[in-house]
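Observations on chain architecture
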Amino acid sequence: MTARPGMRVKRPGLQTTLQDWPGRVGYWNVGIPPSGPMDSLSFRLANRLVGNEPGEVGIEFQFLGPELEFLADASVAIVGGKCGATLDGEPFPTGKVVAIRKGQCLNCGPVLQGARAYLAVAGGFAIPSTLGSCATFPRAKIGGATLAADMELQFADPTVRRVGYTANCGESHLDCKVIEVVAGPHLDWLSKHGLETLVGGSWKVSSRMDRTGIRLEGPSLDFSTRAHQKAPEHGADASNVINTGYPIGGVNICGGTPIILPCDGPSQGGFITPIVVASAALRKVGQLRPNQVISFQRITLEEAVALHRASEQLAHSGLIETRHA
């Protein structure tokens, strides 16, 4: 499809990227992560609000959103973290479709609750695909782009699709205190006390966090006999293990420090992963802010599957018609 005029980036915000969903699938074995949105449910609902397919290319911004000048009419929605967005200085509602006219400026503003929000435009953006996806992996400069001042983004098809809908995705994930996890491959490398400390203890989100890893600060962890009486090839530290694959959402123990590995995290390494964030709870991880205090709650695989199904149901039915178009 021929690209059309779109928008100009006046200010990029903080690590504002182009993403699609489910991202760059199939390259994990060579160390290329899927990337994609950190809060995929909000991302998909933003796309559905403007009439796109749920995985269409959209914009993710964290903590501070971009300021955008529209070079063409467009139908736009912002979903996710609560932000102080304005359109030509007037409040811009989140979770709703808004018709923006050529020449208007949208300032996405700071994210006031949660960490990330998502902007979708009807028809999506005209972005070339890399390895089957437009998702941006900033550290390796793979895929779409990290927005920069004066960059112009073209629309694929800026037709206004529909209005009169709002997103019903809940807000409990924006200030979560509990993150559901399942047993990981190295659960038994922690002692009983160490596991009780990790799961159920209080952890503060460090300022050392990004799409690659979210570091936590908290109590010391105790390791099991297996971690101390292991073969030498596993490494000297109790948290060391011979090179192993890391699942997305894995809670990696680096020395004594837990690090949650989200969608841009490493694919393998030499530290244990005793627990893994349930897939439906990854959106909570995507909305964590520095200094937020959280705890983990261990659930069964059956409970994790039920949470996933409920989340997917919300992704398909989480729109409310407020009036006829």
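Everything here concerns the structure above.
In this text, all values refer to a predicted model and were calculated from it rather than measured experimentally.

Quick notes on helix α5 (residues 301-317)
For α5, built from 17 residues, the straight-helix expectation of 24 Å at 1.5 Å per residue is met to within 8% by its first-to-last C-alpha distance of 24 Å. All buried positions along α5 are accounted for by Ala304, Ser311 and Ala315. The buried side chains of α5 occupy one side of the element, clustering within an arc of 45° when seen end-on. In α5, the exposed residues that point more than 90 degrees away from the buried face are Glu302, Arg309 and His316.

A look at unusual backbone geometry
Of note, the amide linkage connecting tryptophan 21 to proline 22 takes the cis form, showing an omega dihedral of 10°. Here proline 22 is to be found in the loop between β2 (17-19) and α1 (40-49). Positive phi is not limited to glycine here, since aspartate 150 has a value of about 75°. Counting through the fold element by element, aspartate 150 comes out in the loop between β10 (111-121) and β11 (152-155). Judged by relative accessible area, aspartate 150 falls into the exposed class, the value being 54%.

Comments concerning the sheet that holds strand β7 (residues 90-91)
Ordered by their spatial adjacency, 6 strands build an open sheet running β7-β6-β9-β4-β1-β11, and the pairing between neighbours is antiparallel. Two strands close off the open sheet at either side, each with one partner strand: β7 and β11. Sheet analysis places strand β1 (residues 4-11) next to β11, joined by 3 bridges and oriented antiparallel. For arginine 4, the partnering residue across the bridge sits in β11 and is phenylalanine 155.

Quick notes on the nonpolar core
Ranked by size, the top nonpolar core spans 47 residues in total, and within it Ile179, Leu198, Ile214, Ile260 and Phe296 carry the most contacts. Per-element tally for this core: the top contributor is α1, with 5 residues. Each residue touching isoleucine 214, except ones within four places of it in the same chain, is listed here: Met38, Val205, Met209, Pro258, Ile259, Ile260, Val285 and Leu288. With 31 residues, the next largest nonpolar core counts Met7, Val57, Leu68 and Ala117 among its residues.

Things to note about α1
Most of α1 sits out of view: 9 of its 10 residues are buried. Among all positions in α1, only Leu41, Ser42, Phe43, Arg44, Leu45, Ala46, Asn47, Arg48 and Leu49 are buried. Positive backbone phi, approximately 90°, marks glycine 51, located one or two places after α1.

Here we look at the sheet that holds β2
Strands sit in the order β2-β3-β10-β5-β8 across an open sheet of 5 strands; the sheet is antiparallel. Every other strand in the sheet has two partners, leaving β2 and β8 (97-100) as the edge strands with one partner each. When strand polarity is set aside, the average angle formed by the axes of neighbouring strands in this sheet is 30°. Of the pairings in the sheet, the one linking strand β5 (residues 74-83) to β10 comprises 7 bridges and is antiparallel in character. Bridge pairing in β10 links isoleucine 78 to leucine 119. Across the sheet, α1 touches β2, β3 (58-62), β5, β8 and β10, and the angle it forms with β5 is around 155°.

The rules we used
Residues numbered from 1 in each chain as written. Predicted model: local features only at pLDDT ≥ 70, side-chain atom pairs only at ≥ 80, totals over all residues. Heavy atoms only, no water. Helix = DSSP H or I, 4+ residues; strand = E, 2+ residues; numbered from the N terminus. Expected span 1.5 Å × (residues − 1). Buried < 20%, exposed > 50% of the residue type's maximum accessible area, 1.4 Å probe, protein only. Arc of directions from axis to C-beta. Pairing = 2+ DSSP bridges. Core = buried A, V, L, I, M, F, W, Y, C linked by side-chain atoms within 4.5 Å. Contact = heavy atoms within 4.5 Å. Axes fitted to C-alpha atoms, helices over the stretch in contact; angles between N-to-C directions.

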